[in-house]
Amino acid sequence: MVLDLERPSNTDILLLRSGDKHTGTILKESISIRTSYAQLKFNNRMIAGIDLEGGAQNIESIVTVNNNRFSGFIDDPIFVFKLQTEAQIKVRRKKVLKAIFRVREAERRGIPQRQFLLLKNGDYFSGKNMNDKLVVATTYAKVPLALKDADTITLIGEQTPLTKVVMQNGDILQGVLET
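Computed from a predicted model, the values in this text were never measured in an experiment.

What counts as what
- Residues numbered from 1 in each chain as written.
- Predicted model: local features only at pLDDT ≥ 70, side-chain atom pairs only at ≥ 80, totals over all residues.
- Heavy atoms only, no water.
- Helix = DSSP H or I, 4+ residues; strand = E, 2+ residues; numbered from the N terminus.
- Rg over C-alpha atoms; globule rule 2.2 N^0.38 Å.
- Buried < 20%, exposed > 50% of the residue type's maximum accessible area, 1.4 Å probe, protein only.
- Contact = heavy atoms within 4.5 Å.
- Areas by Shrake-Rupley, 256 points an atom, 1.4 Å probe, with all protein chains shown as cover.
- Lys, Arg positive; Asp, Glu negative; His and termini not counted.
- Charge placed at Lys NZ, Arg CZ, Asp CG, Glu CD.
- Pairing = 2+ DSSP bridges.
- Axes fitted to C-alpha atoms, helices over the stretch in contact; angles between N-to-C directions.
- Salt bridge = Lys/Arg side-chain N within 4 Å of Asp/Glu carboxyl O.
- Polar contact = N/O pair within 3.5 Å; in protein donor to acceptor, adjacent residues only side chain to side chain.
- Core = buried A, V, L, I, M, F, W, Y, C linked by side-chain atoms within 4.5 Å.
- Phe/Tyr/Trp six-rings, centres within 6.5 Å; stacked < 30°, edge-to-face > 60°.

Another point: the overall build of the protein chain. Along its length, the protein chain carries one helix and 17 strands. A compact globule built from 179 residues should have a C-alpha radius of gyration of about 16 Å, whereas the protein chain, at 20 Å, is more than 25% larger. For the C-alpha atoms alone, the extent of the protein chain along its principal axes is close to 70 × 35 × 25 Å. Expressed as a percentage of the 179 residues in the protein chain, the buried residues total 38%. Partitioning the contacts of the protein chain with sequence separation of at least 6, the portion at a separation of at least 24 is 52%. Carbon and sulfur atoms form 51% of the exposed surface of the protein chain, whose accessible area is close to 11300 Å². Averaging the locations of the 26 positively and 20 negatively charged side chains of the protein chain gives two centres separated by 4 Å.

As structure tokens, this is what we get:
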């Protein structure tokens, strides 16, 4: 499931704002999105769905095959779509509500789990933190931590956020992240 729709294994789906539904193949090899934190480009093999509904803040989003979500503004103005009848159509992004990409064989074999980030804007994604160690300044000491020993790290607040670290052994540490 992605964007409240079942992902088929044999076709892509293009849902239009008009209520039309097309099955076939999305031909564009990659899709770009401008988020508040980066310009990102995804090969369409990594995309499960694109939501262009917009909502109250007119934000669009890409959901990847490993269930990551990136929101912002899709740069590509046109979806090139090959219908199952072999006809090819070009649909302006403004006319598209959702694009659902077929399930690919590589997904069925599983995607390895990695570290996971949840951002304040609601985006979430997996990856690998490039820092092996963190330093948290508490009221009593600067505490060095090995990232592999942390279970969760939560940043609370805006400018200099309070950092709460829950270690895998259950210990809790609170302070300011210096890293």
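Along the chain, the position of Lys95 falls in the loop between strand S9 (88-92) and strand S10 (96-100). Not counting the four nearest positions on each side in its chain, Lys95 is found in contact with Leu16 and Arg17.

A few words on unusual backbone geometry. A positive phi angle, near 55°, is found at Leu3, a position not held by glycine. Note on placement: Leu3 falls in the segment before strand S1 (12-16). Of note in the backbone geometry, Asn67 takes a positive phi value of approximately 65° without being a glycine. Relative to the assigned elements, Asn67 resides in the loop between strand S6 (59-64) and strand S7 (69-74).

The antiparallel open sheet is built from five strands, whose spatial order is S14-S13-S17-S16-S15. Each end of this open sheet is capped by a strand with a single partner; those strands are strand S14 (142-146) and strand S15 (150-156). The mean angle between the axes of side-by-side strands here comes to 40°, regardless of whether they run parallel or antiparallel. Relative to strand S16 (residues 162-167), S15 runs antiparallel, the two being bridged by six bridges. Along S16, the bridge assignment pairs Ala150 with Met167.

Inspection of the entire model under this criterion finds eight salt bridges. Where Arg93 meets Glu60, a salt bridge forms, and the shortest distance between an N and an O atom there is 3.4 Å. With Arg93 in the loop between S9 and S10 and Glu60 in strand S6, this pair connects stretches of sequence that are 33 residues apart. Given a relative accessible area of 9%, Glu60 falls into the buried group.

One can find Ser18 in the loop between S1 and strand S2 (21-26). Of the residues examined, Ser18 reaches a relative accessible area of 59% and is grouped as exposed. A polar side-chain atom of Ser18 sits 3.4 Å from the main-chain amide nitrogen of Asp20.

In this structure, Leu14, Ile50, Ile62 and Phe79 are the most contacted members of the largest nonpolar core, which totals 20 residues. Looking at this core, the elements with two or more residues in it are S1, strand S3 (30-34), strand S5 (47-54), S7, strand S8 (78-83) and S10. Once you skip the residues sitting within four places of it in the chain, Ile50 turns out to touch Leu3, Ile31, Ser61, Ile62, Ile74, Phe79, Leu97, Lys98, Ala99 and Phe101. Membership of the second largest hydrophobic core comes to eight residues, among which are Val2, Leu15, Ala48 and Val63.

Quick look at the packing of aromatic side chains now. Summed over the entire model, instances satisfying the criterion amount to three aromatic pairs. Pairing Phe70 with Phe125 gives two aromatic rings, centres 5.1 Å apart and planes at 20°, and the pair type is stacked. Taken as a pair, Phe70 in strand S7 and Phe125 in strand S12 (residues 124-127) lie far apart in primary sequence, 55 residues in all. Of the two residues examined, Phe70 and Phe125, each falls in the buried class. Linked through ring pairs, Tyr37, Phe42, Phe70 and Phe125 together constitute an aromatic cluster.

Geometry only, nothing functional implied.
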